[in-house]
Amino acid sequence: AKRQGRNRYAYFAPSMHAGLMEKLDLAEDLRGAIERHELLAHYQPFVDLRDGAIVGAEALVRWPHPEKGLIPPDRFIGLAEETGLILPLGYEVLGAACRAAAGWPGEQRISVNLSPRQVQDPAVTLYVQQTLLHSGLPPHRLTLEITESLLSEDAEVAANRLAELKALGVRLAVDDFGTGYSSLSRLHAFPIDILKIPKPFVDGVAGGQEHSALARAILDLAQALGLQVVAEGIEDAAQARELRRLGCPIGQGFHFSRPVPEAAFATLLAKGSFA
Ligand code: C2E
Ligand code: CA
Ligand code: CA
């Protein structure tokens with residue numbers, strides 16, 4: 001049936017832009033990969049910046065494509081959002097991540113990215129609840145990472161949905177905080193637990209007062225609002241040291257580890273820390 005779908009597109013070929021054809025092909029491949037449960041999650045450790053202990057991981061989707069190799073999310077998340085495939089894709093990743101984390105030896109936390117489309121899905125809360133039940137993962141060990149744009153578009157729906165999710169006992173993090181246009185004055189309207197300092201802010205952090213101003217602003221804001229902070233994209237020891245000095249408790253980045261397959265992450269966990 002899938003092949004037939006492809007021919008259907010070919011029928012319109014003369015009037016279609018080649019790029020669009022390629023996109024439809026990729027979407028069709030992606031749909032198949034999701035149905036066959038071929039998508040993988042890789043795991044990037046969250047590290048306690050004070051002692052190097054691994055306190056959890058973020059799940060990041062990877063698509064092992066038969067011809068194109070391991071495709072990174074930047075190449076297909078946008079497409080998945082446009083086509084609605086982000087819903088089944090997102091639930092695949094959530095399921096895989098919760099099952100993996102339920103098998104870890106300690107109380108480590110797992111973070112899963114939720115696209116705005118997923119948060120707008122009225123069934124999302126039920127899905128998350130069912131996934132927690134089936135995996136046996138205690139809700140407090142799951143963090144859902146949402147984008148800042150969600151807090152400005154359709155703020156009413158978002159606030160209600162996030163309150164519903166929060167009531168399951170999971171934690172909510174705002175990804176790339178400070179790069180979108182959410183209104184600071186409305187932040188308290190959302191049941192947020194964690195702000196993530198985006199990589200571009202972390203890049204400047206060891207470059208002196210002026211360059212670290214944005215990271216420091218987020219740390220100050222988080223302290224004032226009683227929120228936790230995670231810094232992403234830490235690439236060297238100087239950045240890790242400076243963030244720790246500024247009072248940032250948790251970080252992730254290539255300095256510690258790239259996102260790795262489930263088995264490799266289990267090996268990292270067995271060592272326990274980067275100290
Ligand atoms: P994100 O959520 O901001 O994830 C962090 C990205 O930064 C990841 O890229 C990670 O590999 C990369 N990264 C981490 N540390 C470093 C570092 O030290 N240096 C550099 N240069 N990069 C670092 P990745 O895995 O390619 O994912 C890209 C984006 O795709 C994610 O950004 C997220 O927005 C989206 N994404 C990934 N998995 C999922 C998913 O399951 N669902 C949804 N909705 N989006 C996802
Ligand atoms: Ca994220
Ligand atoms: Ca980011």
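Refer to the structure presented above.
My aim in this report is to walk through the structure given alongside it, one point at a time. Given the structure is predicted, the values throughout are model-derived calculations rather than measurements. (Residues numbered from 1 in each chain as written. Chains lettered and ligands numbered in written order. Predicted model: local features only at pLDDT ≥ 70, side-chain atom pairs only at ≥ 80, totals over all residues. Heavy atoms only, no water.)

Some words on the pairing of strand 4 (residues 109-113)
Side-chain positions along a regular strand alternate between the two faces of the sheet.
Then, number 1: Examined bridge by bridge, strand 2 (residues 54-65) and strand 4 share 4 bridges and lie parallel to one another. The partner of Ala59 across the bridge, within strand 4, is Val112.
Then, number 2: Here 4 bridges tie strand 4 to strand 5 (residues 142-147), and the two strands are oriented parallel to one another. Counted as the bridge partner of Val112 is Leu144 from strand 5. (Pairing = 2+ DSSP bridges. Helix = DSSP H or I, 4+ residues; strand = E, 2+ residues; numbered from the N terminus.)

Some words on the pairing of strand 7 (residues 194-197)
Then, number 1: Where burial is concerned, the two faces of strand 7 agree: the one with Ile194 and Lys196 and the one with Leu195 and Ile197 are both buried.
Then, number 2: Sheet analysis places strand 6 (residues 171-175) next to strand 7, joined by 2 bridges and oriented parallel. Residue Ala173 lies in a different strand from strand 7, and its bridge partner there is Ile194.
Then, number 3: Pairing geometry for strand 7 and strand 8 (residues 228-231), over 4 bridges, is parallel. Bridge pairing in strand 8 places Ile197 opposite Ala231. (Buried < 20%, exposed > 50% of the residue type's maximum accessible area, 1.4 Å probe, protein only.)

Describing the environment of Leu150
Then, number 1: In this structure, Leu150 sits in the loop between strand 5 and helix 7 (155-166).
Then, number 2: With relative accessibility at 3%, the residue Leu150 sits in the buried group.
Then, number 3: Apart from the residues lying within four places of it in its own chain, the contact partners of Leu150 are Pro116, Val119, Gln120, Ala158 and Leu162. (Contact = heavy atoms within 4.5 Å.)

Re the coordination of the calcium ion (ligand 3)
Then, number 1: Around the calcium ion (ligand 3), the protein contributes the donor atoms Asp176 (OD), Asp176 (OD), Glu232 (OE) and Glu232 (OE), which lie 2.1 to 3.0 Å from the metal centre.
Then, number 2: Here the calcium ion (ligand 3) and the calcium ion (ligand 2) are spaced 5.6 Å apart. A residue pair is termed long-range when its members are at least 10 positions apart, and Asp176 in the loop between strand 6 and strand 7 and Glu232 in the loop between strand 8 and helix 10 (237-245) qualify at 56 residues. (Donors = N, O, S within 2.8 Å, 3.2 Å for Na, K, Ca; no water.)

Section: the packing of helix 6 (residues 124-135) against helix 7
Then, number 1: Direction vectors running N to C along helix 6 and helix 7 enclose 15 degrees, while the axes themselves pass 9 Å from each other. When the axis of helix 6 is compared with that of helix 7, the two are roughly parallel. For the pair helix 6 and helix 7, the sense of crossing is right-handed. The residues of helix 7 that touch helix 6, namely those facing Val124, Thr125 and Val128, are Arg161, Glu164 and Leu165.
Then, number 2: Tallied by class, the residues present in the contact of helix 6 with helix 7 amount to 3 nonpolar, 1 polar and 2 charged. (Axes fitted to C-alpha atoms, helices over the stretch in contact; angles between N-to-C directions. Parallel < 35°, antiparallel > 145°, perpendicular 65-115°, else oblique. Left-handed = near helix turned anticlockwise from the far one by under 90°. Nonpolar A, V, L, I, M, F, W, Y, C, P; charged D, E, K, R; others polar.)

Some remarks on the site of ligand 1
Then, number 1: Every one of the 22 residues lining ligand 1 counts as a neighbour, but Gln44, Arg62, Asp175, Glu235 and Phe254 are closest to it.
Then, number 2: One of the side-chain N or O atoms of Glu58 is found 3.2 Å from an oxygen atom in ligand 1.
Then, number 3: The separation between a nitrogen atom of ligand 1 and a polar main-chain atom of Val61 is 3.1 Å.
Then, number 4: Out of a free accessible area of 800 Å², ligand 1 has 81% covered by protein chains.
Then, number 5: Put simply, ligand 1 lies in the largest pocket. (Near = heavy atom within 4 Å. Polar contact = N/O pair within 3.5 Å; in protein donor to acceptor, adjacent residues only side chain to side chain. Areas by Shrake-Rupley, 256 points an atom, 1.4 Å probe, with all protein chains shown as cover. 1 Å grid on protein atoms, 1.4 Å probe; cavity = no way out; pocket = protein on both sides within 12 Å on 5 of 7 lines; lining within 4 Å. Sits in = over half its atoms within 2 Å of the grid points.)

Observations concerning the layout of surface pockets
Then, number 1: Estimated volume of the largest pocket: approximately 940 Å³.
Then, number 2: Contributing to the lining of the largest pocket are 38 residues, with Glu58, Leu60, Pro73, Asn113 and Asp175 lying nearest its centre.
Then, number 3: Breaking the lining of the largest pocket down by element, the ones donating at least two residues are strand 2, helix 3 (77-83), helix 4 (86-102), strand 4, helix 5 (116-120) and strand 5.
Then, number 4: For the lining of the largest pocket, the element with the highest residue contribution is strand 2, accounting for 5 residues.
Then, number 5: Split into classes, the residues belonging to the lining of the largest pocket amount to 15 nonpolar, 11 polar and 12 charged. (Points joined across faces, edges and corners; volume = space filled by probe spheres on them.)

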